[in-house]
Amino acid sequence: MDGETDAEADVLTVVQSSVLIGDPHIVSDGLAAKSIFKTIYDALVQVDASGDYQPALAERWDVSEDARSWTFHLRDGVTFHNGETLTSADVVATMGRVLDPSIGGAFGTEGVYLSYLGTAEISAPDEHTVRIVTKDPMADLLDLVVDMPISPGTALADLPGSYVGSGPYRIVEHSEDRLVVAAHPDYWGGTPDYREIHWLAEGDPAARATAVLEGRADIAAGIGIAGRDRIVAEGSGDGVLAHEMDSGLAIIFMINALEGPGQDVRVRQALNVALDHQAIIDEIVDGAAKPLSGYLTSGHFGYDRDTPVYEYDPDRARTLLAEAGYGGGLSLTFDIPQVMPDEMPELARIMADQYAAVGIDVEIVEHEDRSGYSQMVRRKEIADAAGFDSSPRSTYRVLREKLHSGLKGPWWEGYENPEVDALIEEAQGTVDVAERQAIYRRIYRTVTEDAPWIFLYNPTLYWGVASGVDWTPRVDGLLVFR
């Protein structure tokens, strides 16, 4: 930052919505906590800035032809923040904690990893080797282990609260509004870029943008489109930059296909074509999003760019409804949370207005308890549709937890297509990445046509970056520093 001393030049200040991090082994896709964890901890593998898997604690790995047996060969000389040296026993112990049912979860995510690896054999053939053998083929296993931060086995009992990893930085100070990490001198990846990183919590996106403009922060995350516009207008002359990127978040409504009108694909398609997606985006998020063409965003593995968005077509919506037997009108009830996403109440009201134009009367039921709402969705007790967001970066997780009718995962709401189920299973037995991606693209086209969700939009992420700071967004939206 301008006017800094040599001592200050190697200190990076990051302002984001929160610095509360909780338990590193609870499933969460929250960018704020996940960014901090990725700076403190390593997993067996890591994702690079482009989204490709790279070695981390495992310097290489092998997978059997049937995609059931994975062998990870650990890096030599990895030192944890407490001075202990990494062994395969630490990895096995950490994965045991990840799969421990008592660890729980947030917003209905308890037991997610257990559902994947609960029957797996996780072993340490020697001090430098970890083997995972799954009951069924699991070609996308890396999607899971990349989000399992490895701790020394001796430090697991102190979680959460005492965070000991092998990452480039270690925690030296932590409060509700400030977290300071210092460079790990024995980091296996070389000397970290900064002596310290100061993470500051600020709940107001406008205040985060101001912090960068006034030189009090080097990077501000989640500044919103208004913050982007301010930085372009006020900071460009001083070298302050605004970055933007499509997020991995899908704002959607899950349609109840277990019972009621949502069992009919024509009704589900009508619910999609009856909406003017761009008008919704312009009004709800000031244009800071892109319409979804299906259940994935453009950054997801297996996304098919040739699959068109459901175009706004009120006449087709009326025709589809009439063909389904609702030519005289249709009454539906939508459940929504009041927060996460925070715009949901306003979004639902705009949708109801647009639906009224094609003869669909929507009653909106708001739920104040967000955790209770997630549990209700998980119990499959929704009305005709439920407002939600889909955040996993793993296409495999989205399909397994939300769309595979044989598994009936936590967020599955009744959608059934035997072809899709068979293709998901075929993909999991396909080790070749290009071939597996082609299968996922077939699934994407089929599911989009079946419309099990109301596909709305993919929000845009915005950051402010001070002059002279060499940082650009990663495809996963995380702030990760080495």
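S.K.: For this particular structure, what's the right way to read the side chain of aspartate 246?
M.R.: Within the fold, aspartate 246 resides in strand 12 (residues 241-246). Leave out the neighbours within four places in its chain, and aspartate 246 touches Lys290, Ser298, Arg393, Asn458, Pro459 and Thr460.

S.K.: Quick question: what am I supposed to make of the pairing of strand 17 (residues 385-390) here?
M.R.: Looking along a regular strand, one sees side chains alternate from face to face of the sheet. When you tally the buried positions in strand 17, you get six out of six residues, the bulk of the element. Side chains Ala385, Gly387 and Asp389 of strand 17 all project onto a buried face; the interleaved residues Ala386, Phe388 and Ser390 project onto the opposite face, where all are buried too.

S.K.: Before we go on, may I ask you to explain helix 9 (residues 277-285) in this structure?
M.R.: Each full turn of the α-helix corresponds to 3.6 residues, which orients residues three or four apart in the same direction. Taken together, the buried positions of helix 9 are occupied by His277, Ile280, Ile281, Ile284 and Val285. Down the axis, helix 9 shows its buried residues gathered within 100° of arc, on one side only. Along its buried surface, helix 9 packs onto helix 7 (224-234), helix 8 (265-273), strand 14 (289-291), helix 11 (344-356) and strand 18 (453-465). Positive phi appears at aspartate 286, one or two residues downstream of helix 9, with a value of about 55°.

S.K.: In this structure, what is going on with the sheet that holds strand 4 (residues 58-63)? I would like to understand it.
M.R.: Two orientations exist for strands paired in a sheet by backbone hydrogen bonds: parallel and antiparallel. Sheet architecture is open: four strands sit in the order 4-5-7-6, paired in antiparallel fashion. Single-partner strands in this sheet number two, and they are strand 4 and strand 6 (121-126). Strand-to-strand twist across the sheet, computed as the mean angle between neighbouring axes with direction ignored, equals 20°. One ladder, built from four bridges, connects strand 6 with strand 7 (residues 129-133); its direction is antiparallel. Bridge assignment links glutamate 121 to a residue of strand 7, and that residue is valine 133. Where helix 3 (residues 88-98) meets the sheet, it contacts strand 5 (69-74), strand 6 and strand 7, and its direction lies at approximately 170° from that of strand 6.

S.K.: Help me understand the side chain of threonine 39, please; the structure alone is not making it clear to me.
M.R.: Mapped onto the fold, threonine 39 is located in helix 2 (residues 31-40). Each residue touching threonine 39, except ones within four places of it in the same chain, is listed here: Gly167, Pro168, Tyr169, Ile197, Trp199, Leu479, Val480 and Phe481.

S.K.: Where do I start with the pattern of salt bridges in this structure?
M.R.: A side chain with one charge may pair with a side chain of the opposite charge, provided their charged atoms come close. In total, this model carries 24 salt bridges according to the counting rule given. Linking aspartate 140 and arginine 436 is a salt bridge whose minimum nitrogen-to-oxygen distance equals 3.0 Å. In this pair, aspartate 140 sits in the loop between strand 7 and helix 5 (142-145) while arginine 436 sits in helix 15 (residues 433-450), placing the two residues 296 residues apart along the sequence. Aspartate 140 gets classed as buried once you look at its relative accessible area, which sits at 4%. Among the residues examined, arginine 436 registers a relative accessible area of 6% and is labelled buried.

S.K.: Would you mind showing me how to read the packing of aromatic side chains here?
M.R.: Geometrically, a pair of aromatic rings is defined through the distance of the ring centres and the angle of the planes. Enumeration according to the criterion identifies 18 aromatic pairs in this entry. When the centroid spacing of 6.4 Å and the interplanar angle of 85° are considered together, the rings of tyrosine 194 and phenylalanine 481 count as edge-to-face. Of the two residues, tyrosine 194 is situated in the loop between strand 9 (178-183) and strand 10 (196-201) and phenylalanine 481 in the segment after strand 18; the sequence distance between them amounts to 287 residues. Accessibility expressed as a relative area gives 6% for phenylalanine 481, which makes it buried. Taken together, a centroid distance of 5.5 Å and an interplanar angle of 65° make the contact between tryptophan 463 and tryptophan 471 edge-to-face. The buried category is assigned to tryptophan 471, whose relative accessible area is 8%.

S.K.: I would appreciate a short explanation of unusual backbone geometry in the present structure.
M.R.: Leaving glycine aside, a negative phi is the common case for residues, and trans is the common case for peptide bonds. For the bond from leucine 159 to proline 160, the omega torsion is -15°, close enough to zero to count as cis. Its place among the elements puts proline 160 in the loop between helix 5 and strand 8 (169-174). Residue proline 341 is bonded to the preceding methionine 340 through a cis peptide linkage, with omega at 0°. Positive phi, close to 55°, is recorded for aspartate 286, a residue that is not glycine. Examined against the element boundaries, aspartate 286 turns out to sit in the loop between helix 9 and strand 14. The phi dihedral of lysine 380 is positive, around 65°, even though this residue is not glycine. One can find lysine 380 in the loop between helix 12 (370-378) and strand 17.

S.K.: What is the right way to look at the packing of helix 14 (residues 418-428) against helix 15 in this model?
M.R.: Two measures define how a pair of helices packs: the angle their axes make with one another and the distance between the axes. Direction vectors running N to C along helix 14 and helix 15 enclose 165°, while the axes themselves pass 9 Å from each other. Between helix 14 and helix 15, the crossing angle belongs to the class labelled roughly antiparallel. Read as a crossing pair, helix 14 and helix 15 show a hand that is left-handed. Contacts between helix 14 and helix 15 pair Glu419, Val420, Leu423, Ile424, Glu426, Ala427 and Gln428 from the former with Arg436, Ile439, Tyr440, Arg442, Ile443, Thr446 and Val447 from the latter. The class makeup of the residues in the contact of helix 14 with helix 15 is eight nonpolar, two polar and four charged.

S.K.: I tried to follow the nonpolar core on my own but got confused; where do I start?
M.R.: Inside soluble globular proteins, nonpolar side chains tend to come together where they are buried. Residues Phe72, Phe253 and Tyr295 are the most contacted members of the largest nonpolar core, which totals 102 residues. Residues contacting phenylalanine 72, with those up to four places away along its chain left out, are Leu44, Val45, Ala58, Arg60, Trp61, His128, Thr129, Val130, Ile132, Leu141, Leu142 and Val145. Grouped together as the second largest cluster of nonpolar side chains are 40 residues, Ala221, Val240, Val465 and Phe481 included.

S.K.: Any chance you could explain the environment of leucine 332 here in plain terms?
M.R.: Looking at the secondary structure, you find leucine 332 in strand 15 (residues 330-337). Counting along the chain gives 20 residues from leucine 332 to alanine 352, while the straight-line C-alpha distance between them is 9.8 Å. Leave out the neighbours within four places in its chain, and leucine 332 touches Pro261, Leu271, Ile360, Asp361, Val362, Glu363 and Asp384.

S.K.: Would you explain the packing of helix 8 against helix 10 (residues 314-323) in this entry?
M.R.: Interhelical geometry of helix 8 versus helix 10 gives an angle of 160° and a closest axis separation of 8 Å. The pairing of helix 8 with helix 10 is recorded here as roughly antiparallel in orientation. Here the hand of the crossing between helix 8 and helix 10 comes out left-handed. Seen from helix 8, the contacting residues are Arg266, Gln269, Ala270 and Val273; seen from helix 10, they are Pro314, Arg316, Ala317, Leu320, Leu321 and Glu323.

What counts, and where the lines are drawn
- Numbers given to residues run from 1 along each chain, matching the order in which its sequence is written.
- Totals for whole chains, interfaces and linings use all residues, but because this is a predicted model, local features are given only for residues with pLDDT of at least 70 and pairs of side-chain atoms are given and counted only at 80 or more.
- To get the side-chain values, all heavy atoms of the structure are used, and hydrogens and water are removed first.
- Each helix is a run of DSSP H or I of at least 4 residues and each strand a run of E of at least 2, with the numbering of both proceeding from the N terminus.
- In what follows, residue pairs with any heavy atoms lying within 4.5 Å of each other are defined as contacts.
- The cut-offs for exposure are 20% and 50% of the maximum accessible area for each residue type, with area from a 1.4 Å probe on protein chains only; residues under the lower value are buried, those over the upper are exposed, and the others partly exposed.
- As used here, the arc belongs to the directions running from the helix axis to the C-beta atoms.
- Here, strands pair whenever DSSP counts at least two bridges between them.
- The axes used here are C-alpha line fits, helices contributing only the stretch in contact, and every angle between their N-to-C directions lies in the interval 0 to 180 degrees.
- Should a side-chain nitrogen of Lys or Arg be within 4 Å of a carboxyl oxygen of Asp or Glu, the pair is scored as a salt bridge.
- Only centres within 6.5 Å qualify two rings of Phe, Tyr or Trp (six-membered ring in Trp) as a pair; their planes then separate them into stacked at under 30 degrees, edge-to-face at over 60, and tilted for everything else.
- To sort the angles, those under 35 degrees are grouped as roughly parallel, those over 145 as roughly antiparallel, those from 65 to 115 as roughly perpendicular, and the leftovers as oblique.
- Handedness of a crossing follows from how the near helix is turned relative to the far one, being left-handed for an anticlockwise turn of less than a right angle and right-handed for a clockwise one.
- Only Asp, Glu, Lys and Arg are considered charged, only Ala, Val, Leu, Ile, Met, Phe, Trp, Tyr, Cys and Pro nonpolar, and every remaining residue, Gly among them, polar.
- In these notes, a set of buried Ala, Val, Leu, Ile, Met, Phe, Trp, Tyr and Cys residues joined through side-chain atoms within 4.5 Å is what counts as a nonpolar core.

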